[in-house]
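Listed below, chain by chain, are the residues.
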Amino acid sequence: MADFVTLFASGGTSYLMPAALLLLVLGGAALAWPALTGGEARADMKRRLKVESGPANTPAAAARRNPDAVRARAARTAQDFYAKSDPENVARLRMKLIRAGYLDPGAVGMFFLIRFVSLGACAAAAFIVVIIFGGDSSAMSRWMFVGLLGSAGYFLPGLALSRLVSGRMREYRNGFPDFMDLMIVCSDAGMSMEASIERVSRELQLTYPALAQNLQLVSIELRAGRSLDDSLKSLADRLSLEEVRSFATLLQQSRELGTSLSGALRVFSDEMRHKRMSMAEEKAHALPAKMSVPVTVCILPVVMMVAIIPVIVKMTGAE
């Protein structure tokens, strides 16, 4: 403690404003914590003093004492606040979380809570770094460093969520042609569309677990009484793939026109495989252009040095 006080004394007035801001944040968190936990400390004190006659042992009181219930309440509070301030952004975030695999309705509030915690943690880490290593820098540069690192912490959960959504969409796009092939097999075997989707979802559980989970949701919706078209449209919204929307349109047209379902599925599967092969060829053809930058930056200077240095040595030796 004495070393900490000596560090502040040696820094003069340059550390007063950051220290005051940190104390203000900690004090606000200490004041907001009892309201957030719903009087958990007071309820626990009353229980120990045996002042309460019995509600302390009820399930509601046990839920208040549970840390998971506290986090859920904090996430629900954050979700309600953002839903009132910007409902369109909350709706888009909800759909993005569903595409990432987070189907819980409280995932939006938990995301906002994680973003707030990340912001505070990065700002606190930047403040500590400034106190320890930023003795010679100006106050403006220190505040800019804290602000930049705090902003990075605020946007970091969004970037991680975007990466997760991209990985999921890659899995959906790679696994959907296999799904179509298995649907053709089930259709040729005489199975109905509902039974085929349920069977294929079990078969894809090991290779494409995310796609299998969404297909199982389709099976649950069908068993609950939802129509096949509505279930497939909901699947297309969750997966965010044009192939799924085309598949739903194909089934609807095949039912209305009375055409062969297995033939239509076979043609659609061939088109999807051709599209996937075209995307792979496109990436392969783009690889030389992408490799030209590291080759030019890293390899070309070395080759030039190997070619020029012997000439320079000979010229200097001749002189």
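Conventions used here
Residues numbered from 1 in each chain as written. Predicted model: local features only at pLDDT ≥ 70, side-chain atom pairs only at ≥ 80, totals over all residues. Heavy atoms only, no water. Helix = DSSP H or I, 4+ residues; strand = E, 2+ residues; numbered from the N terminus. Areas by Shrake-Rupley, 256 points an atom, 1.4 Å probe, with all protein chains shown as cover. Buried < 20%, exposed > 50% of the residue type's maximum accessible area, 1.4 Å probe, protein only. Phe/Tyr/Trp six-rings, centres within 6.5 Å; stacked < 30°, edge-to-face > 60°. Lys NZ or Arg CZ within 6 Å of the ring centre and 35° of its normal. Axes fitted to C-alpha atoms, helices over the stretch in contact; angles between N-to-C directions. Parallel < 35°, antiparallel > 145°, perpendicular 65-115°, else oblique. Left-handed = near helix turned anticlockwise from the far one by under 90°. Contact = heavy atoms within 4.5 Å. Nonpolar A, V, L, I, M, F, W, Y, C, P; charged D, E, K, R; others polar. Lys, Arg positive; Asp, Glu negative; His and termini not counted. Salt bridge = Lys/Arg side-chain N within 4 Å of Asp/Glu carboxyl O. Polar contact = N/O pair within 3.5 Å; in protein donor to acceptor, adjacent residues only side chain to side chain.

Right, let's talk about the overall build of the protein for a bit. Secondary structure assignment for the protein yields 13 helices and 0 strands. The N-to-C order of helical and strand elements in the protein reads α-α-α-α-α-α-α-α-α-α-α-α-α. For the protein, the accessible area works out to roughly 20400 Å², and carbon and sulfur atoms hold 66% of it.

Bringing unusual backbone geometry into the picture now. Its identity is not glycine, yet serine 240 carries a phi of approximately 55°, on the positive side. Relative to the assigned elements, serine 240 resides in the loop between helix 11 (228-239) and helix 12 (242-257). A relative accessible area of 21% places serine 240 in the partly exposed class.

Per the stated rule, a full pass over the model turns up 6 aromatic pairs. With 5.8 Å between their ring centres and 80° between their planes, phenylalanine 179 and phenylalanine 247 make a pair best called edge-to-face. With phenylalanine 179 in helix 8 (residues 139-188) and phenylalanine 247 in helix 12, this pair connects stretches of sequence that are 68 residues apart. Each member of the pair phenylalanine 179 and phenylalanine 247 is classed as buried. Ring pairs connect the aromatic residues Phe176, Phe179, Phe247 and Phe268, which therefore count as one cluster. If you follow arginine 115 out to its NZ or CZ, it ends over the ring of tyrosine 154, 4.5 Å from the centre.

As a further point, take the packing of helix 7 (residues 107-133) against helix 8. One can describe the packing of helix 7 onto helix 8 by two numbers: an axis separation of 8 Å at closest approach and a directional angle of 150°. Here helix 7 is positioned roughly antiparallel relative to helix 8, judged by the angle of their axes. As helix 7 packs across helix 8, the resulting crossing turns out to be right-handed. Where helix 7 approaches helix 8, its residues Phe111, Ile114, Arg115, Ser118, Leu119, Cys122, Ala123, Ala126, Phe127, Val129 and Val130 are matched on the opposing element by Arg142, Phe145, Val146, Leu149, Gly150, Ser151, Gly153, Tyr154, Leu156, Pro157, Gly158 and Leu161. Per-class residue counts for the contact of helix 7 with helix 8 are 16 nonpolar, 5 polar and 2 charged.

Among the structural elements, glutamate 171 can be located in helix 8. Of the side chains with opposite charge, arginine 168 lies nearest to the buried glutamate 171, which makes no salt bridge, at 5.4 Å. For glutamate 171, the side chain forms a polar contact with the main-chain nitrogen of alanine 210, separated by 3.1 Å. Look past the residues within four positions of glutamate 171 in its chain and what remains in contact with it is Tyr208, Pro209, Ala210 and Leu211.

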